[in-house]
Amino acid sequence: MAASDAIALDGFLDEETVPGDLHGSTARFRLTVSPTDERTDEMILPCSVADPELAHTVLHDLVPGDKLRVTGYLRLPRTPDEPMWLAVTTLTVLETAPLLSDPAAIATAAIERYGPYVCWFDAEDFGEVPVWTEAGIWVGTAGDPSALGELIEAFEHRQAAGGE
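Since this is a predicted model, take the numbers as computed values, not measurements.

Colleague: What's the story with the environment of Thr96 in this structure? I'm lost.
Modeller: On the secondary structure map, Thr96 appears in the loop between strand 6 (85-95) and helix 2 (103-108). Placed 31 residues apart in sequence, Thr96 and Gly65 show a C-alpha to C-alpha distance of 7.0 Å.

Spelled out as structure tokens, the structure:
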């Protein structure tokens, strides 16, 4: 394929990477791409890496929450039972995931992404859920996970009205 056929996408690694073979010379991961603030534009794109050096980096250096720019070639299915994926040729970490210093907090908590919003869920504390944008703008705290939609909607209305 010609270099002009390559595409570049920015997205977030939302889960662990996995080896593509027994030797770890290839790797696979899923990239969450959200090019606009519209949730309907968000997609999860399976990615594969065939270069052994890049596969090593993917398997050992990336963590969920990293913001990535991947460049590669989109492989479209030719039959209904084939998957679509991006064959990644280059990868750049645009932002690293927040590091947590407390191992116990890591074991009982998770960062979840809702389009351009990031939420912190603590498995031991089923109460409030802090929310901020991927740019680091504070959105607020939802009283519980079921109130996330209302909190985000209220934030978007404030932003549309020009408020803080």
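Colleague: I would appreciate a short explanation of helix 3 (residues 148-160) in the present structure.
Modeller: For an α-helix, 3.6 residues make a turn, and residues three or four places apart therefore share a direction. A rise of 1.5 Å per residue sets the reference length of helix 3, with its 13 residues, at 18 Å; its end C-alpha atoms lie 18 Å apart and thus fit the reference within 8%. Those residues of helix 3 not exposed but buried are Leu148, Leu151, Ile152 and Phe155. Along the long axis of helix 3, the arc covered by the buried residues comes to 95°, so they all point the same way. Exposed and facing more than 90 degrees away from the buried side of helix 3 are Glu150, His157 and Ala160. Following helix 3 by one or two positions, Gly162 has its phi on the positive side, about 85°.

Colleague: Mind showing me how you'd approach the side chain of Lys67 here?
Modeller: For Lys67, the position within the fold is in strand 5 (residues 67-75). Although buried, Lys67 forms no salt bridge, and the nearest oppositely charged side chain, Glu95, lies 4.3 Å from it. In this view, Lys67 contacts Gly11, Phe12, Thr92, Val93, Leu94 and Glu95; residues no more than four positions away in its chain are not counted.

Colleague: Is there a simple way to explain helix 1 (residues 52-61) in this structure?
Modeller: Within the span of helix 1, buried status applies to Leu54, Ala55, Val58 and Leu59. Viewed along the axis of helix 1, the buried residues span an arc of 130°, placing them on a single side of the element. Away from its buried face by more than 90 degrees, helix 1 exposes Glu53, His60 and Asp61. Of the surrounding secondary structure, the elements contacted by the buried residues of helix 1 are strand 2 (18-19), strand 3 (27-33), strand 4 (43-49) and strand 6.

Colleague: Whenever I open this one, a nonpolar patch on the surface confuses me. Can you help?
Modeller: There is a patch of nonpolar side chains on the surface, built from Ile7, Leu74, Leu76 and Met84 and spanning about 320 Å² of accessible area. Locating Leu76 in the fold gives a position in the loop between strand 5 and strand 6. Residue Leu76 is classed as exposed on the basis of its relative accessible area, which comes to 56%.

Colleague: Is there a simple way to think about the packing of aromatic side chains in this case?
Modeller: Each pair of aromatic rings is reported with the distance of its centres and the angle of its planes. Inspection of the entire model under this criterion finds one aromatic pair. Relative to Phe155, the ring of Tyr117 lies with its centre 6.1 Å away and its plane at 90°, an arrangement referred to as edge-to-face. In this pair, Tyr117 sits in strand 8 (residues 117-122) while Phe155 sits in helix 3, placing the two residues 38 residues apart along the sequence. Residues Tyr117 and Phe155 agree in their burial class; the two are buried.

Colleague: Explain the nonpolar core here, please?
Modeller: Nonpolar side chains in soluble globular proteins tend to end up buried together. Residues Phe29, Val49, Leu68, Val70, Val88 and Leu91 are the most contacted members of the largest nonpolar core, which totals 19 residues. Listing elements by their share of this core, those giving two or more residues are strand 1 (7-13), strand 3, strand 4, helix 1, strand 5 and strand 6. Once you skip the residues sitting within four places of it in the chain, Val49 turns out to touch Thr26, Ala27, Phe29, Leu54, Ala55, Val58 and Val88.

Cut-offs used in this document
Along each chain, residues carry numbers from 1 onward, in the same order as the chain's sequence is written. It should be noted that, the model being predicted, local features are given only for residues of pLDDT at least 70 and side-chain atom pairs only at 80 or more, the latter also being counted only at that level, while totals for whole chains, interfaces and linings use all residues. Hydrogens are left out, water is left out, and the side-chain values use all remaining heavy atoms of the structure. The helix and strand labels rest on DSSP assignments: H or I over at least four residues marks a helix, E over at least two residues marks a strand, and numbering proceeds from the N terminus. For a helix, the expected span equals 1.5 Å multiplied by the number of residues minus one. Only protein chains enter the accessibility calculation, which uses a 1.4 Å probe; a residue is then buried when its area is under 20% of its type maximum, exposed when over 50%, and partly exposed in between. Throughout, the arc means that of the directions going from the helix axis to the C-beta atoms. By the counting scheme adopted, Arg and Lys are positive, Glu and Asp are negative, and His together with the chain ends is not counted. By definition, a salt bridge exists where a carboxyl oxygen of Asp or Glu is found within 4 Å of a side-chain nitrogen of Lys or Arg. Whether two residues are in contact is decided by their heavy atoms: any pair within 4.5 Å suffices. What makes a patch is a set of residues exposed beyond 30% relative accessible area and free of salt bridges, joined within 9 Å when like-charged and within 5 Å when nonpolar (Val, Leu, Ile, Met, Phe, Trp, Tyr). Surface accessibility in these figures is a Shrake-Rupley result with a 1.4 Å probe; residues are shielded only by whichever protein chains are displayed. Here the aromatic set is Phe, Tyr and Trp, taking the six-membered ring for Trp, and pairing holds for ring centres within 6.5 Å; pairs whose planes are under 30 degrees apart are stacked, those over 60 apart are edge-to-face, and all others are tilted. Among the buried residues, those of types Ala, Val, Leu, Ile, Met, Phe, Trp, Tyr and Cys that are joined through side-chain atoms within 4.5 Å form a nonpolar core.

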